Every structure is written in C-alpha cells, then in structure tokens.
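Structural overview
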Amino acid sequence: MFNRLFGKEKQVQPNRSGGSGGNKSASKTMEEMDAAIDLLEKREAALEKRMEAELVKAKQFYAKKNTQGALQCMKRKKMYEEQLMNIGAQKQNLETLKFTVQNQTMNHEVLKAQVAAKDELKQANKKMNADKIEDNMDELMEEMDKANQVSEALRQPLDNNFVDEDELMNELEVELEGMDLEETPAAEVKLPDMPKVPSTKLPAKPTKTKAQEDEDALAALEAELA
C-alpha cells in the first residue's frame with residue numbers, strides 16, 4: 001500500500017562488468033603488476049630489518065639469562081620469516097603473470113599482423129584470377145606473334161628485280177656440269193709489243209764550273225734590279 005502511495009524506490013543494478021574501467025590495456029596491467037612487485041620488495045626489506053632486530057634482542061635477553069624474553073623475540077623472528085616466504089611466493093607469481101601477459105601481448109600483435117596479411121592476400125587474390133591470368137597470357141602471346149609477322153613483312157624488299165643469289169649459283173652449277181675445268185686450256189692472252197730501247201747513248205748534260213755559276217747568279221740579280 002505504501003509502495004502504491006509513495007512509489008517504490010528503484011534499486012541500483014550492480015555493475016557486473018568487473019570494474020568501472022572495463023578491460024584494461026596490457027600496458028596498464030603491466031604497470032600495476034610492477035607497482036605491486038615494488039610494494040612487496042619494500043615489505044621484504046622492512047621484514048628483514050625486523051628479523052635482524054629481533055635476533056639482536058634475543059641475544060641480549062639470553063645474555064641476561066632472560067629465557068622467556070629471548071623466546072618471544074625468536075617467535076616474532078619466526079613469524080617475520082614466514083611472512084617473508086609468503087611475500088617471496090607472491091613476487092614469483094607476479095613475475096610469472098608479468099611474463100605471461102608480455103608473451104600474450106606479443107602473440108596478440110603477431111595474430112593481428114597475420115590476420116591483416118590474410119585479408120590483404122584475400123583482396124589481392126580477388127583481383128587476380130588464375131584463369132583470367134592464363135587467358136591474358138595467351139592473348140599476349142598471340143599479339144606478340146602478330147607483331148613479329150608485321151616486322152617480318154616490313155623487312156621484305158620493295159625492289160621487284162630482287163635476285164636470288166642461291167638461284168644464280170644453282171644455275172651456274174648446272175651450266176658447269178659435264179665440263180672438266182682442269183683439262184680446258186685457258187685462253188692465251190697476247191700482250192701488246194713494247195717499244196725497243198734505243199742503243200745509242202743520250203748526250204751528256206753539260207756541266208758548269210763554279211765561276212760560270214757565280215756569273216749566272218750575278219746576271220740574274222742585275223736583271224732583278226734593272
């Protein structure tokens with residue numbers, strides 16, 4: 001009845017996502033584990049100091065014949081040792097988890113790369129069909145043959161008087177059949193008559209003396225100066 005008059009209070013649904021932030025990134029998780037390991041190491045250092053202090057006190061009590069005081073100190077030291085062992089196990093677990101997270105993060109990155117490569121190959125294979133490639137190669141070879149035929153046609157001579165040298169040699173061999181070239185005497189070539197050398201001696205060239213040559217040179221110089 002009261003609920004009808006004043007209304008029923010709405011209940012807040014609990015957050016079942018496991019935290020306000022949802023799934024944390026691997027780097028954030030690594031930072032938290034490093035912080036936890038650092039905290040455990042500080043706790044280890046404090047426990048080790050307490051153990052040393054209890055051991056010193058136990059020795060002092062024992063030296064004073066205070067057995068009960070020494071036993072109490074040794075009990076506390078034993079308790080600190082157990083806590084220290086627990087902390088060591090916790091650190092080992094965190095180190096193992098840290099290594100596992102690192103390895104899993106690396107595996108995740110490798111998987112992402114493999115998936116991306118697979119998708120890229122799939123898209124590329126869709127664009128390149130094996131049957132189409134084979135047909136394209138056949139067409140390419142056909143076009144190459146056509147190009148070779150065109151090149152062969154363009155190499156043909158344009159002169160209609162083209163002479164086949166092989167045909168001419170065959171014709172010559174037919175003409176020479178039955179003829180013995182070694183027994184056929186070669187036609188004698190008659191050379192024209194050469195003029196006879198005269199038997200009389202030619203007149204000797206007159207020689208000038210040194211004085212005559214000087215006179216001739218002087219006469220030529222006077223003629224130039226005239």
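See the structure printed just above.
So, a few notes on the structure that sits alongside this text.

Thresholds, definitions, all that
- Residues numbered from 1 in each chain as written.
- Predicted model: local features only at pLDDT ≥ 70, side-chain atom pairs only at ≥ 80, totals over all residues.
- Heavy atoms only, no water.
- Helix = DSSP H or I, 4+ residues; strand = E, 2+ residues; numbered from the N terminus.
- Buried < 20%, exposed > 50% of the residue type's maximum accessible area, 1.4 Å probe, protein only.
- Contact = heavy atoms within 4.5 Å.
- Core = buried A, V, L, I, M, F, W, Y, C linked by side-chain atoms within 4.5 Å.
- Polar contact = N/O pair within 3.5 Å; in protein donor to acceptor, adjacent residues only side chain to side chain.
- Patch = residues over 30% accessible without salt bridge, like charges linked within 9 Å, V, L, I, M, F, W, Y side chains within 5 Å.
- Areas by Shrake-Rupley, 256 points an atom, 1.4 Å probe, with all protein chains shown as cover.
- Salt bridge = Lys/Arg side-chain N within 4 Å of Asp/Glu carboxyl O.
- Lys, Arg positive; Asp, Glu negative; His and termini not counted.
- Charge placed at Lys NZ, Arg CZ, Asp CG, Glu CD.

Some details on the overall build of the protein
Within the protein one finds 6 helices and 0 strands. Put simply, the protein runs from its N terminus to its C terminus through helices and strands in the order α-α-α-α-α-α. Considering the protein as a whole, with its 226 residues, one finds that 8% of them fall into the buried category. By sequence separation, contacts in the protein at least 24 residues apart represent 67% of the contacts at least 6 residues apart.

Some points on unusual backbone geometry
The phi dihedral of Lys65 is positive, around 65°, even though this residue is not glycine. Along the chain, Lys65 falls in the loop between helix H2 (26-63) and helix H3 (67-127). Relative accessible area serves as the criterion here: at 73%, Lys65 is assigned to the exposed category.

Looking at the nonpolar core
In summary, soluble globular proteins display a tendency toward joint burial of nonpolar side chains. Among the nonpolar cores identified, the biggest contains 10 residues, and these are Met30, Met33, Ile37, Leu40, Leu47, Met51, Tyr80, Leu84, Ile87 and Leu94. Mapped by element, the contributors of at least two residues to this core are H2 and H3. Here this core gets 6 residues from one element, more than from any other, and that element is H2. Beyond its immediate sequence surroundings of up to four residues, Ile87 is in contact with Leu40, Arg43, Glu44 and Leu47.

Quick word on the environment of Met51
Looking at where Met51 falls in the secondary structure, it is placed in helix H2. Look at Met51 and you get buried, because its relative accessible area is 13%. Discounting residues that sit within four places of it in the chain, Met51 has contacts with Lys77, Tyr80, Glu81 and Leu84.

Quick look at the side chain of Lys98
Following the sequence through the fold, Lys98 ends up in helix H3. A polar side-chain atom of Lys98 sits 2.7 Å from a polar atom in the side chain of Asp34.

Section: a nonpolar patch on the surface
Residues Met128, Ile133, Met137, Leu140 and Met144 make up a contiguous nonpolar surface patch of about 480 Å² in total accessible area. Here Leu140 falls in the partly exposed class, since its relative accessible area comes to 43%.

Some words on the environment of Glu95
With respect to the helices and strands, the residue Glu95 is situated in helix H3. With relative accessibility at 37%, the residue Glu95 sits in the partly exposed group. For the pair Glu95 and Ile37, spaced 58 residues apart in sequence, the C-alpha to C-alpha distance is 8.0 Å.

Digging into a negative patch on the surface
On the surface, a cluster of negative charge is contributed by Asp131, Glu134, Asp135, Asp138, Glu139, Glu142 and Asp145. For Glu139, the position within the fold is in helix H4 (residues 130-154). The partly exposed category is assigned to Glu139, whose relative accessible area is 48%.

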